[in-house]
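Summary of the model geometry
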Amino acid sequence: MDDIRALLEDSGECTEERAIAKAKGIVDGSKKVVLNIAVTGESGAGKSSLVNAIRGLTSKPERKNADATAAATAAANPEWAETGSTETTMEVNMYPHPTMPNVRFWDLPGIGSTQFPEKTYLKNVKFERYDFFILVSCNRFTETDLKIANNIKKQKKNFYFVRSKVDNDVRNDSENEGRKEEEVLHNIRKKCEGNLSKLGGPPVFLITSRDLTKFDFPALVETLKRDLPSEKRNALEQSLPVFSMQSLDDKYSAFKALVWAMSGASGVIGATPLPGLSFAVDTAMVLSFLTGVYHSFGLDDKALEKLSERVDKKILDEVKESELMQGIAKSMLTSSMLTKLGVASSVEVMSCVIPVVGNFAAAGVSFVTTRGVMQQGLDDLYQVAKKVLEMANLQ
Ligand SMILES: Nc1nc2c(ncn2[C@@H]2O[C@H](COP(=O)(O)OP(=O)(O)OP(=O)(O)O)[C@@H](O)[C@H]2O)c(=O)[nH]1
Ligand SMILES: [Mg+2]
């Protein structure tokens, strides 16, 4: 199929100009979108722990040396939100997502602390900056919490109530009183909802930052996604850890929707392959897309090691056998070299980094080839991630 026909079909437009403009609009929109998520609640409620967990960090990372690119360095050295049993968060701190810096988590100080008295709290934390608020509590939501939530609602922003540390409740109650997990959770939920009745009984999400696959974290994510406009929904989707097969499928669909647009916007349409090369692909773009997918699917060594630890099973070694995984890991080591090579670098270099390129080299056209390489790469990584979930018993 020739390039232009394929592009028109994918875009649903009738001219090449309009199709490219549409592709560029989608890609620019996805790059520009910024999501600001505020996490608030009393001191010690578990705000910083949630900010870390939601960004895929379960323990304080060791500092790593600077890599070839700023993005790689930032991804290797994610900022850890300090946690502890004494009051630790005294100011507004922003923690970008390690691999998607436009998704930002704001760890707010406790409401009513000396520096942030209740009366001026919203103004001091610059409430207008946030897309929505997550209010964390490890017991009752206080009167102060409710007042703040009410004021935020008046400003037409969404508030989500999270009851944290339920792993402790489940463990303590079943140890001391022999209660079943279901019953413990039911009781906590009822108590919290009663506590929030003044606000019309909004739902409460019971979570533990120690394991986001458990309890209500998936339901919280579903609710957040439902309430967000589509471009912000996609950004959230891509940034969250994979916690179930459904969450992986949703991520896959979000990336799939970007494939044609990124290929169409990449400038490869009508590009003449350099002499001696059989086809043109925007190398840097394809690599950055597949590297984003790789992180988003939780396939980097660090994420796999943590998962292996959590489910007490060796996962990393088996998954490392995938050719594409090896290619991407290699490309991160040589990313600066590849960036310099830019558009239409040689098939040999590309094939060595992204093995699927070889399958498309004979096609010789740019849009269809680029799209094919991206789609095939996405599909391959999806299969690896699926295997990981199966091995970890996270269906
Ligand atoms: N078991 C368990 N402990 C948790 C959980 N979340 C937080 N903790 C612990 O609770 C303590 C307080 O957690 P932080 O995340 O520092 O709480 P914070 O709300 O940021 O506290 P401030 O910064 O002082 O306002 C720490 O010792 C955490 O390890 C959880 O889900 N389960
Ligand atoms: Mg804190």
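Higher on the page you've got the structure.
Residues numbered from 1 in each chain as written. Chains lettered and ligands numbered in written order. Predicted model: local features only at pLDDT ≥ 70, side-chain atom pairs only at ≥ 80, totals over all residues. Heavy atoms only, no water.

**Here we look at the packing of helix α1 (residues 3-11) against helix α19 (residues 366-391)**
Geometry of a packed helix pair, given as the angle between the helix axes and the separation of the axes. Filter applied, for reference: Lines are fitted to the C-alpha atoms to define the axes, a helix being fitted only along its stretch in contact, and any angle between axes, read from their N-to-C directions, falls within 0 to 180 degrees. The numbering of helices and of strands both runs from the N terminus, where a helix is a DSSP run of H or I of at least 4 residues and a strand a run of E of at least 2. Any angle that falls under 35 degrees is termed roughly parallel, while one over 145 is termed roughly antiparallel, one within 65 to 115 roughly perpendicular, and all others oblique. Here, residues are in contact when the closest pair of their heavy atoms is within 4.5 Å. By the convention adopted, Pro, Cys, Tyr, Trp, Phe, Met, Ile, Leu, Val and Ala count as nonpolar, Lys, Arg, Asp and Glu as charged, and the other residues, Gly among them, as polar.
Between α1 and α19, whose axes approach to 7 Å, the crossing angle comes to 55°. Looking at the two axes, α1 sits oblique to α19. Contacts from D3, A6, L7 and D10 of α1 reach α19 at S366, F367, V368 and R371. Its residues assigned to classes, the contact of α1 with α19 shows 4 nonpolar, 1 polar and 3 charged.

**Overview of the packing of aromatic side chains**
How two aromatic rings sit relative to each other is given by the distance of their centres and the angle of their planes. Filter applied, for reference: Any two of the Phe, Tyr and Trp rings considered here, Trp counted by its six-membered ring, make a pair once their centres fall within 6.5 Å; the pair's planes then place it as stacked at under 30 degrees, edge-to-face at over 60, or tilted in between. Note on classification: 1.4 Å probe, protein chains only; a residue is buried when its accessible area is under 20% of the maximum for its type, exposed when over 50%, partly exposed between these limits. Sitting over a ring, as applied to charges here, requires NZ of Lys or CZ of Arg to be within 6 Å of the ring centre and within 35 degrees of the ring normal.
This structure, assessed with the given rule, holds 10 aromatic pairs. Relative to F133, the ring of Y130 lies with its centre 5.4 Å away and its plane at 80°, an arrangement referred to as edge-to-face. Take Y130 and F133: they sit in the same class, and that class is buried. Ring plane angle 85° and centroid distance 5.9 Å describe the contact between F255 and F289, whose orientation is recorded as edge-to-face. Of this pair, F255 sits in helix α11 (residues 245-265) while F289 sits in helix α12 (residues 283-296), and the two are 34 residues apart along the sequence. Across the pair, F289 and F255 agree in class, each one buried. Of note, R129 hangs over the ring of W106, and the distance from its end group to the ring centre comes to 3.9 Å.

**Considerations on the side chain of H97**
Where we set the bar: N or O atoms closer than or at 3.5 Å make up a polar contact, with two conditions inside protein: a donor-capable atom paired with an acceptor-capable one, and, for residues adjacent in sequence, both atoms drawn from side chains.
Along the chain, the position of H97 falls in the loop between β2 (93-96) and β3 (103-107). The buried category is assigned to H97, whose relative accessible area is 7%. A polar contact is formed between the side chain of H97 and the backbone nitrogen of M100, at a distance of 3.2 Å. A polar contact of 2.6 Å, which involves the side chain of H97, links it to the backbone oxygen of S239.

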